[in-house]
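What follows is the residue order along each chain.
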Amino acid sequence: MTNEQHAGCLFHFDNAFPPDQVHYGGINLYQFGEIACECGHVIPAHKQVCLELSYIVSGTGSFYINDECIMVREGDIVCNAIGHRHAIKADRSSMLRFVYMGFIFTESASEEMQDIQSYFQAVPYRHATGADHLMVPFFRNIDEFFSQKPYSHMLIRNCLEEIIILSYRAFREKETGKAARYTPDKWGHSVGSTVYSIIRYVENHIYELKTIRSIADELGYSYTYLSHTFKNKTGMTLQRYINHKKIEKALEMLKFGNLTVKQTADRLNYETIQSFSKAFSRIMGYPPSHYVAMQRKESRSRQDLA
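Fair warning: this is a prediction, and the values are worked out from it, not measured in the lab.

The full count for this structure, using the stated rule, is 16 aromatic pairs. Ring plane angle 70 degrees and centroid distance 5.8 Å describe the contact between F63 and F98, whose orientation is recorded as edge-to-face. Here F63, found in strand β5 (residues 51-65), pairs with F98, found in strand β9 (residues 96-105); they are 35 residues apart in sequence, far enough to count as distant. Like F98, F63 is buried. When the ring of F276 is compared with that of F280, the centres are 5.9 Å apart and the planes differ by 65 degrees; the resulting orientation is edge-to-face.

Rendered as structure tokens:
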């Protein structure tokens, strides 16, 4: 027996529903869950009966669609179309963790959603990289499925639609080679407009932000003007604002994504785990490891009460 046959799942949280029985607005949900595969684990080939979106949380592996192999790694999003054979294999040297949702749209779905379904179904698969922004809505939804708090149904529907639309954008951006980015309106060279342009740029590019100078170059302003204007209008430096937004995103990722501190630091483009921990502690008053421990304790308490 090979090592691959011995390999299995580290964990599998699955919500599978009978066909045509669970509706969230115009979305008929077949399954929604998360799986972590040990090195070399194989999920056998099966025929797709619904559309399936899979976001790679960590690790590397291969998605097989019909006779084609697609290499995947953390931050990738893959869509499998209906009617095609699909299999998954974790790399022999890396576990593969991903979240997924299987769905189709019902006749009551909006025209825009029907158009997205046609786009997803037009080819056997879609694949895009660098879709880190999809991790949080996926895990928010898993949290809602797990906790079943009041009005979870409404939040789940909103998250499902967000995941579908963000995935569609990621695939389209890969096709065109152009990111759908915020383009500031510089009418009248308004100072207020300039600051809002900066805020929106930081929000939309939080994962790849490096320096203030790169923001200035991208938005077409001088470094000095950008820094001075932001501080003058908001009362805080631009670097401080970026630091706060990164830690805000880190809190989401550590809570919903169950990522390690190092994985979170890497995703947010910190040079070292030490620099991330220092930035986190400066804002929160305690290191990220303490926040992770608090979240685990809270999760155990919820399970004990369930």
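Opposite charge on two side chains allows them to pair when their charged atoms are near. On inspection of all chains with the given rule, the structure shows eleven salt bridges. Here E203 and K245 are joined by a salt bridge, their closest N and O atoms 2.8 Å apart. Of the two residues, E203 sits in helix α5 (residues 191-204) while K245 sits in helix α8 (residues 238-256), which places them 42 residues apart along the sequence. With a relative accessible area of 33%, E203 lands in the partly exposed category. Using a relative accessible area of 13% as the deciding quantity, one classes K245 as buried. K262 is paired through a salt bridge with D266; the nearest N and O atoms lie 3.0 Å apart. Linking K262 with D266, this pair stays in helix α9 (residues 261-267), spanning four residues, or about one helical turn.

Turning next to the environment of F230. Inspection of the secondary structure assignment puts F230 in helix α7 (residues 223-234). For F230, the residues in contact, after removing those within four places along its chain, are V195, I198, I199, G235, M236, T237, L238 and Y241.

Analysis parameters
- Residues numbered from 1 in each chain as written.
- Predicted model: local features only at pLDDT ≥ 70, side-chain atom pairs only at ≥ 80, totals over all residues.
- Heavy atoms only, no water.
- Phe/Tyr/Trp six-rings, centres within 6.5 Å; stacked < 30°, edge-to-face > 60°.
- Helix = DSSP H or I, 4+ residues; strand = E, 2+ residues; numbered from the N terminus.
- Buried < 20%, exposed > 50% of the residue type's maximum accessible area, 1.4 Å probe, protein only.
- Salt bridge = Lys/Arg side-chain N within 4 Å of Asp/Glu carboxyl O.
- Contact = heavy atoms within 4.5 Å.

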